[in-house]
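# Structural description and commentary
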Amino acid sequence: MSTHDTDAHPRFAEALRELALEVPVRRFPDATRTAAEAAAAIGCDVSEIVKSLIFEADGVPVLVLMDGSSRVDVERVREELGAESVKRANADLVRETTGYAIGGVPPFGHATRTRVLADRALLDHDVVWAAAGTPHAVFPLDPKTLIAHAGGALVDVRERTA
């Protein structure tokens, strides 16, 4: 197996095995918690980084997959879900929902099943990079496959630039 299981979080390595997904996990000595840090370490554009963000929609966790150069428009997420209120989840809810700490949340392989919204801009790239369960590890995958494994619905939820 070409996956470097030791570099990925054990739960995520297990998810990759269950999906029979062969991806090269790259580990960096310095944390790649932010999209900018990850892009600099990998040597790619920040928009090729996938941010896996947990929000709370009427108290229910939802995962939003967003490119690293964009921000999530909470109002658009609220409209998409038909929710009364949407807010960023706190660190405890993120860990409880995904099994991972903020900065290392992968797009799939979570502790619980959540609704997943994937921003359409991710499809602008041939390859995107996402966290492999720790702030030090990332993996590349084509965005269609990544979104499919995450069970994501394609939506437009990024902030529109003026």
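Residues numbered from 1 in each chain as written. Predicted model: local features only at pLDDT ≥ 70, side-chain atom pairs only at ≥ 80, totals over all residues. Heavy atoms only, no water.

## Describing the nonpolar core
Formed by 29 residues in total, the largest nonpolar core has its most connected members in Phe 12, Val 25, Leu 65, Phe 108, Phe 139 and Leu 146. Every residue in contact with Phe 12, bar those within four places of it in the chain, is listed here: Tyr 100, Pro 106, Phe 108, Ala 132 and Phe 139. The next biggest cluster of nonpolar side chains, apart from the first, holds 14 residues, and it includes Met 66, Val 86, Val 155 and Val 157. (Core = buried A, V, L, I, M, F, W, Y, C linked by side-chain atoms within 4.5 Å. Buried < 20%, exposed > 50% of the residue type's maximum accessible area, 1.4 Å probe, protein only. Contact = heavy atoms within 4.5 Å.)

## Topic: the packing of aromatic side chains
For the coordinates displayed, the defined rule picks out three aromatic pairs. Ring centres 5.5 Å apart and planes at 40° place the aromatic pair Phe 12 and Phe 108 in the tilted group. Note that Phe 12 is positioned in helix 1 (residues 10-18) and Phe 108 in the loop between helix 4 (91-98) and strand 5 (115-119), a separation of 96 residues in sequence. The same class applies to Phe 12 and to Phe 108, which are both buried. Both rings, one in Phe 108 and one in Phe 139, keep their centres 6.0 Å apart while their planes meet at 70°; by these two values the pair is edge-to-face. With Phe 108 in the loop between helix 4 and strand 5 and Phe 139 in strand 7 (residues 137-141), this residue pair connects regions lying 31 residues apart in the sequence. The pair Phe 108 / Phe 139 is uniform in exposure class, with both members buried. (Phe/Tyr/Trp six-rings, centres within 6.5 Å; stacked < 30°, edge-to-face > 60°. Helix = DSSP H or I, 4+ residues; strand = E, 2+ residues; numbered from the N terminus.)

## Considerations on the environment of Ala 130
Here Ala 130 is to be found in strand 6 (residues 128-131). Judged by relative accessible area, Ala 130 falls into the buried class, the value being 1%. Taking the C-alpha atoms as reference, Ala 130 lies 11 Å from Leu 53; in sequence the two are 77 residues apart. The residues touching Ala 130, leaving out its near neighbours within four places in the chain, are Val 50, Pro 107, Ala 137, Val 138, Phe 139 and Leu 146.

## Things to note about helix 3 (residues 74-81)
Within helix 3 the residues assigned to the buried category are Arg 76, Val 77 and Leu 81. End-on, the buried residues of helix 3 take up no more than an arc of 130°, which puts them together on one face. The secondary structure elements touched by the buried residues of helix 3 are strand 2 (49-57), strand 3 (60-67), strand 4 (86-88) and strand 5. N-cap assignment for helix 3: the residue whose side-chain oxygen lies 3.0 Å from the backbone N of Glu 75 is Asp 73. Gly 82, located one to two residues past helix 3, shows a positive phi value of around 65°. (Arc of directions from axis to C-beta. Polar contact = N/O pair within 3.5 Å; in protein donor to acceptor, adjacent residues only side chain to side chain.)

## A short note on helix 1
For helix 1, the full list of buried residues reads Phe 12, Ala 13, Ala 15 and Leu 16. Along helix 1, the residues classed as buried sweep out an arc of 155° about the axis, all on the same side. Exposed side chains of helix 1 directed beyond 90 degrees from the buried face belong to Pro 10 and Glu 18. Tucked inside the fold, the buried residues of helix 1 contact strand 7. Positive phi appears at Ala 20, one or two residues downstream of helix 1, with a value of about 50°.

## Comments concerning unusual backbone geometry
Even without a glycine there, the phi angle at Ala 20 is positive, about 50°. Mapped onto the secondary structure, Ala 20 falls in the loop between helix 1 and strand 1 (26-27). Since its relative accessible area comes to 67%, Ala 20 is described here as exposed.

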